[in-house]
Amino acid sequence: MTVTESAHERCASDDARLLHDGILRRQSARESAARTYARVLPIVPVRARGLTIEAADGRRYLDCLSGAGTLALGHNHPVVLEAVRRVLDSGAPLHALDLATPVKDAFVTELFRTLPAGLADRARVQFCGPAGTDAVEAAFKLVRTATGRGGIMAFTGAYHGMTEAALAASGHARDVRVARLPYPQDYRGPFGLGGSRGAELAARWTESVLDDPQSGVPLPAGMILEPVQGEGGVIPAPDAWMRRIRQLTEERSVPLIADEIQTGVGRTGAFWAVDHSGVTPDVMVLSKAIGGSLPLAVVVYRDDLDVWEPGAHAGTFRGNQLAMAAGTATLAHVRENRLAERAAVLGSRMLSRLRELAGRHACVGDVRGRGLMLGLELVDPEAESEAAMEPGERAAVAAQRGSGVATAGPAEVPAAGDGTRGSVALPEPAVRRPPAAPGIAAAVQRECLRRGLIVELGGRHGSVVRLLPPLTLTDEQAAAVLDRLSDAVEAAARSRPGRAGGQVHPLRRRPPSTTGPDGTG
């Protein structure tokens, strides 16, 4: 009997593997060469619940990609399924363009309940068609119409979508038609500095570009930023810098657009990531989690910007009733169960464990994040050299060498404008960071998959391993995720021939950067 059952089980397993592999082969043969996740995650999901995905071959995975942050409550959460079933069973229309419906009314009411107070009292909402990039396009059109100006300012490392205007504002754009500003970060700061000093320099640069009549950048129609850069490498904006940017834009009547497409709905430990700094933007672009796993995107903005003519912006699928119902259920569940606060607490604990991991492996250069939006930057610790410095770091060292000063301190340099000489303090010696290691990051991702853990890569050169687990993550699940990730890093480090492996590199004299989003340690 046992032998027969085992034979049946083997046959079933073989059939499942054939089904799994056949689907993957047909996908490769028939789908666009532009496909992305499918190339590095050869999985055929057939069932999913919460954190767990089951593939056609019977393997189970812990999903820390969560639909690129779409699944705030994980896969097939009961409140989402029930909300969708109610609409389906009610006979309500599933497609309603921009007509008023009870489902839409409930969604807008719940959404406005969660908005920053300074915006909720005078908000308008524009439903777009169905992706976050559509909301970005609509926001740009909105501020251009309202201000009569044409330019947009964005930040290095940004990601705002793949349609034309959204892509132009993203960090990897090839056809540059948007003014770029420095986004502060601690590990690879654009001026060779992190912390509050680096953030202040970034804000001063922005102020100079806005006010200098010969900067080559006219006063823009709007400025767009992510409170935490996700695809850019999980880089939280310092709270003080966010407030300074808000001040600069407000004083110059430049609408500030907050891209909360991935950071919103509790992901970062506050309902909206701008809540950490207390900033109230003029415009918010929202998608992903607001649809409760279904396609939905909106622009929320101040009422005085609502100068569009009827039909000035539209979209066939802006009336997705199932997405609105799922979104209402998700927004309410996150709010009522204080899942944002839970994300803050659990995310802090996970960061602590990730820092311990970084302390054991020199190839983990930095760990960072906010709430349940976490990242590890993988580096090559044996390639530390001046050639590996960031451009700003090299410039700081060059300035020190050119002045004959080996360390920071006063130096005689020409004062601006009058040809006299004065004493100014040069920057602190630039911190030399090892170069990004996309090969190691890819190896960690593969090792994670072998251990049943799905993670994403992002950041410069694809060197940052990203974690975006659902907000419903339990303590036990978090421990399992970190255990599998730790094993994967160990395996990837050990597999590097001729490298330091899992041993701390002797050049490391300080722990990895652990600066918080407010610029403090």
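A. Structural detail: the pattern of salt bridges. This model, assessed by the stated rule, comprises 32 salt bridges. The salt bridge partner of Arg 47 is Glu 54, with a shortest N-O separation of 3.0 Å. Under the relative-accessibility criterion, Glu 54 is labelled buried at 16%. Here Arg 246 ties to Asp 282 by a salt bridge, and the two come within 2.9 Å at their closest N and O atoms. In this pair, Arg 246 sits in helix H10 (residues 239–251) while Asp 282 sits in the loop between strand E10 (256–259) and strand E11 (283–286), placing the two residues 36 residues apart along the sequence. Neither Arg 246 nor Asp 282 differs from the other in exposure class; each is buried. When salt bridges that share partners are traced, they join Arg 122, Arg 246, Asp 282, Arg 302, Asp 303 and Asp 304 into one network.

B. Highlighting the sheet that holds strand E2 (residues 52–55). The four strands lie next to each other as E1-E2-E3-E17, forming an open sheet whose pairing is mixed. Strands at the two margins of the open sheet, each flanked by one partner only, are strand E1 (45–49) and strand E17 (453–454). With three bridges joining them, E2 and strand E3 (residues 60–63) adopt antiparallel strand pairing. Bridging from a neighbouring strand, Ile 53 pairs with Tyr 61 of E3.

C. The arrangement of the sheet that holds strand E6 (residues 179–181) in detail. Here seven strands make up an open sheet; going across it, the order is E4-E12-E11-E10-E7-E5-E6 and the pairing mixed. Where the open sheet ends on each side, the last strands, each with one partner, are strand E4 (123–127) and E6. Looking at each pair of strands side by side, their axes are set apart by 25° on average, direction ignored. Pairing geometry for strand E5 (residues 152–155) and strand E7 (residues 222–225), over two bridges, is parallel. Bridge pairing in E7 links Ile 152 to Gly 222. The sheet contacts of helix H5 (residues 102–114) involve E4, E11 and strand E12 (298–302), and relative to E4 the element is tilted by about 135°. The strands touched by helix H7 (residues 132–147) are E5, E7, E10, E11 and E12; relative to E11, the strand with the most contacts, the crossing angle is about 160°.

D. Just the nonpolar core, in detail. Formed by 93 residues in total, the largest nonpolar core has its most connected members in Phe 107, Trp 241, Trp 272, Val 444 and Leu 485. Setting aside residues up to four positions removed in sequence, Trp 241 forms contacts with Phe 155, Pro 182, Tyr 183, Pro 184, Ala 199, Ala 202, Ala 203 and Leu 225. Membership of the second largest hydrophobic core comes to 22 residues, among which are Phe 140, Val 178, Ile 261 and Leu 305.

E. View of H7. When the terminal C-alpha atoms of H7 are compared, their 23 Å separation across 16 residues agrees well with the 22 Å that a helix rising 1.5 Å per residue should span. When H7 is considered as a whole, its buried residues turn out to be Gly 132, Thr 133, Ala 135, Val 136, Ala 138, Ala 139, Phe 140, Leu 142 and Val 143. Gly 148 occupies a position one or two residues after H7 and carries a positive phi of about 75°.

F. Up close: the pairing of strand E14 (residues 373–378). In terms of burial, E14 is largely enclosed, as six of its six residues are buried. Here E14 shows no split at all, with Met 373, Gly 375 and Glu 377 on one side and Leu 374, Leu 376 and Leu 378 on the other all buried. Note that strand E13 (residues 364–370) and E14 share six bridges and pair antiparallel. Note on E14: the bridge partner recorded for Val 367 is Leu 376. Hairpin connection from E13 to E14: two residues lie between these consecutive antiparallel strands, with Gly 371 at a positive phi of about 60°. As defined by bridge partners, E14 adjoins strand E19 (residues 464–467) across four bridges and the pair is classed as antiparallel. Its bridge partner being in E19, Glu 377 is matched across the sheet by Val 464.

G. Inspection of helix H14 (residues 438–450) at higher detail. Between the first and last C-alpha of H14 there are 18 Å, a value that for 13 residues agrees with the 18 Å anticipated at 1.5 Å per step. Burial in H14 covers these residues: Ile 440, Ala 441, Ala 443, Val 444, Gln 445, Glu 447, Cys 448 and Leu 449. Positive backbone phi, approximately 80°, marks Gly 452, located one or two places after H14.

H. Broad picture of the environment of Arg 180. Here Arg 180 shows up in strand E6. Classification of Arg 180 by relative accessible area gives partly exposed; the value is 26%. Separated by 26 residues in sequence, Arg 180 and Thr 206 have C-alpha atoms that sit 9.3 Å apart.

I. Geometry of the confidence of the model for the chain. The predicted model of the chain has a mean per-residue pLDDT of 85, with 81% of residues at 70 or higher. With pLDDT under 50 throughout, residues 396–426 is counted as low confidence; its partners more than four residues away or in other chains account for 40 contacts. For residues 498–521, every residue scores under 50 in pLDDT, and the model assigns this stretch 49 contacts once sequence neighbours within four places are set aside.

J. Inspection of the packing of helix H4 (residues 78–90) against helix H11 (residues 321–336) at higher detail. Look at H4 against H11: their axes get within 8 Å of each other, and the N-to-C directions meet at 145°. For the pair H4 and H11, the sense of crossing is right-handed. Note on element contacts: H11 touches H4 through Leu 322, Ala 325, Ala 326, Ala 329, Thr 330 and His 333, opposite Val 79, Val 80, Ala 83, Val 84, Val 87 and Leu 88. The residue inventory of the contact of H4 with H11, partitioned by class, reads 10 nonpolar, two polar and no charged.

K. Representation of the packing of aromatic side chains in the model. The final tally for this structure, using the stated rule, is seven aromatic pairs. Consider the rings of Phe 107 and Phe 127, whose centres lie 6.0 Å apart with planes at 55°: the pair is tilted. You can see Phe 107 sitting in helix H5 and its partner Phe 127 sitting in strand E4, a full 20 residues away along the chain. Across the pair, Phe 127 and Phe 107 agree in class, each one buried. Ring geometry for Phe 155 and Tyr 183: centres 6.2 Å apart, planes at 75°, overall edge-to-face. One end of the pair, Phe 155, is in strand E5; the other, Tyr 183, is in the loop between E6 and helix H9 (195–211), with 28 residues separating them in the sequence. Under the relative-accessibility criterion, Phe 155 is labelled buried at 1%. Residue Tyr 183 is classed as buried on the basis of its relative accessible area of 2%. An aromatic cluster of at least three residues, connected via ring pairs, comprises Phe 155, Tyr 183 and Trp 241.

Criteria and cut-off values
- Residues numbered from 1 in each chain as written.
- Predicted model: local features only at pLDDT ≥ 70, side-chain atom pairs only at ≥ 80, totals over all residues.
- Heavy atoms only, no water.
- Salt bridge = Lys/Arg side-chain N within 4 Å of Asp/Glu carboxyl O.
- Buried < 20%, exposed > 50% of the residue type's maximum accessible area, 1.4 Å probe, protein only.
- Helix = DSSP H or I, 4+ residues; strand = E, 2+ residues; numbered from the N terminus.
- Pairing = 2+ DSSP bridges.
- Axes fitted to C-alpha atoms, helices over the stretch in contact; angles between N-to-C directions.
- Contact = heavy atoms within 4.5 Å.
- Core = buried A, V, L, I, M, F, W, Y, C linked by side-chain atoms within 4.5 Å.
- Expected span 1.5 Å × (residues − 1).
- pLDDT = per-residue confidence, 0-100.
- Left-handed = near helix turned anticlockwise from the far one by under 90°.
- Nonpolar A, V, L, I, M, F, W, Y, C, P; charged D, E, K, R; others polar.
- Phe/Tyr/Trp six-rings, centres within 6.5 Å; stacked < 30°, edge-to-face > 60°.

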